[in-house]
Amino acid sequence: VIGIWAPLTTAVGVSNAAVVAMFTLSAILTILVSSSLREALLRLDEANAAQAAARREIETTEQRFRVLADSAPVLMWVTRTDGKREFANRAYVAFLGATYKAALDFDWRAVLHPDDLPRILKEQVAGEASRQLFTLEARFLRHDGEYRWVRSVSQPRWAPDGAFDGFIGVGIYR
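Residues numbered from 1 in each chain as written. Predicted model: local features only at pLDDT ≥ 70, side-chain atom pairs only at ≥ 80, totals over all residues. Heavy atoms only, no water.

Moving on to the overall build of the protein chain. Broken down by element type, the protein chain carries 5 helices and 5 strands. In the protein chain, the succession of α and β elements from N to C terminus is α-α-β-β-α-α-α-β-β-β. In terms of C-alpha radius of gyration, the protein chain reaches 33 Å, well past the compact-globule figure of 16 Å for 174 residues. The principal-axis extents of the C-alpha atoms in the protein chain amount to approximately 105 × 30 × 20 Å. By the burial criterion, 24% of the 174 residues in the protein chain qualify as buried. Considering only contacts in the protein chain between residues 6 or more positions apart, those separated by 24 or more positions represent 34%. Total accessible area computed for the protein chain in this model is approximately 12,100 Å², and 62% of it derives from carbon and sulfur atoms. In the protein chain, 21 side chains carry a positive charge and 20 a negative one; their mean positions are 2 Å apart. (Helix = DSSP H or I, 4+ residues; strand = E, 2+ residues; numbered from the N terminus. Rg over C-alpha atoms; globule rule 2.2 N^0.38 Å. Buried < 20%, exposed > 50% of the residue type's maximum accessible area, 1.4 Å probe, protein only. Contact = heavy atoms within 4.5 Å. Areas by Shrake-Rupley, 256 points an atom, 1.4 Å probe, with all protein chains shown as cover. Lys, Arg positive; Asp, Glu negative; His and termini not counted. Charge placed at Lys NZ, Arg CZ, Asp CG, Glu CD.)

As C-alpha cells, then:
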C-alpha cells in the first residue's frame with residue numbers, strides 16, 4: 001500500500017516488506033509503551049490525590065485538636081523527647097503572658113518559687129526518667145507577678161512503633 005504512494009528507498013539487501021515490518025513493530029511497541037506509561041501516570045495521579053486527601057484530613061484533625069485544647073480550662077502542653085515543648089494551649093500562653101512562640105521556648109524553672117525549685121527539679125527528673133505518669137505541685141509566678149499553686153500531671157506519649165515520643169501534660173492552678 002505504501003509503495004503505491006511513494007517508492008521506498010532502502011539499504012541494499014533490505015526489502016520493502018522488511019522496512020514495513022520494522023515500522024509496524026515500532027508502532028506496536030510505541031503503543032504498548034505509551035499505554036503502560038499512561039497507566040503509570042494515572043496511578044501516580046491517584047496516589048497524589050490520596051496523599052492530598054490524607055494531608056487535608058490531618059490538617060482538619062489537628063485543627064480540631066487545637067480548638068479542643070484551647071477551649072480547655074487548664075494549662076496544656078506537649079513535649080518532644082528532648083523536653084522542648086511542641087504545643088501549648090491558650091491557657092498556658094495566657095498564664096505566662098507571652099506569645100505562643102515564647103511560651104514554647106519558655107523555661108519553667110525561671111518562674112518556680114525558689115523554695116520549691118530543688119524539690120521540683122528532683123521530682124521532675126525522676127518522673128521523666130520513669131516514663132510513667134507523674135504529678136508535680138509547686139508555686140509558679142504568673143505573668144501578673146503573683147505566685148499560683150499549680151498541680152501538673154504529665155503522661156508519656158508513645159509513637160505508633162512503641163518508641164517514647166515525649167510527654168503530654170496538664171496543669172490546674174489556684
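Here we take up the side chain of Thr79. Structurally, Thr79 can be placed in strand E1 (residues 75-79). Look past the residues within four positions of Thr79 in its chain and what remains in contact with it is Lys84, Arg85, Glu86, Arg157, Asp165, Gly166 and Phe167.

Let us look at helix H5 (residues 117-130). In a regular helix each residue adds 1.5 Å, so 14 residues correspond to 20 Å; H5 covers 20 Å between its end C-alpha atoms and thus fits that length. Of the residues one or two after H5, Arg131 is the one with positive phi, at around 55°. (Expected span 1.5 Å × (residues − 1).)

A few words now on the packing of aromatic side chains. Note on aromatic pairs: each is described by the distance of the centres and the angle between the planes. Here the structure, examined in full by the defined rule, presents 10 aromatic pairs. An aromatic cluster of at least three residues, connected via ring pairs, comprises Trp77, Tyr92, Phe95, Phe106, Trp108, Phe140 and Tyr173. Against the face of Phe164 rests Arg131, its NZ or CZ located 3.9 Å from the ring centre. (Phe/Tyr/Trp six-rings, centres within 6.5 Å; stacked < 30°, edge-to-face > 60°. Lys NZ or Arg CZ within 6 Å of the ring centre and 35° of its normal.)

This brings us to the environment of Ala53. Counting through the fold element by element, Ala53 comes out in helix H2 (residues 16-71). You can call Ala53 partly exposed: its relative accessible area is 34%. In this structure, the C-alpha to C-alpha distance between Ala53 and Phe134, residues 81 residues apart in sequence, is 38 Å.

With respect to topology, 5 strands assemble into an open sheet ordered E2-E1-E5-E4-E3, the strand pairing being antiparallel. At either end of the open sheet lies a strand with only one pairing partner, and these are strand E2 (85-88) and strand E3 (134-141). With strand direction ignored, the average angle separating the axes of adjacent strands in the sheet is 25°. Taken together, the 8 bridges between strand E4 (residues 147-158) and strand E5 (residues 164-173) define a ladder with antiparallel strand orientation. Across the sheet, residue Val150 finds its bridge partner in E5, namely Tyr173. (Pairing = 2+ DSSP bridges. Axes fitted to C-alpha atoms, helices over the stretch in contact; angles between N-to-C directions.)

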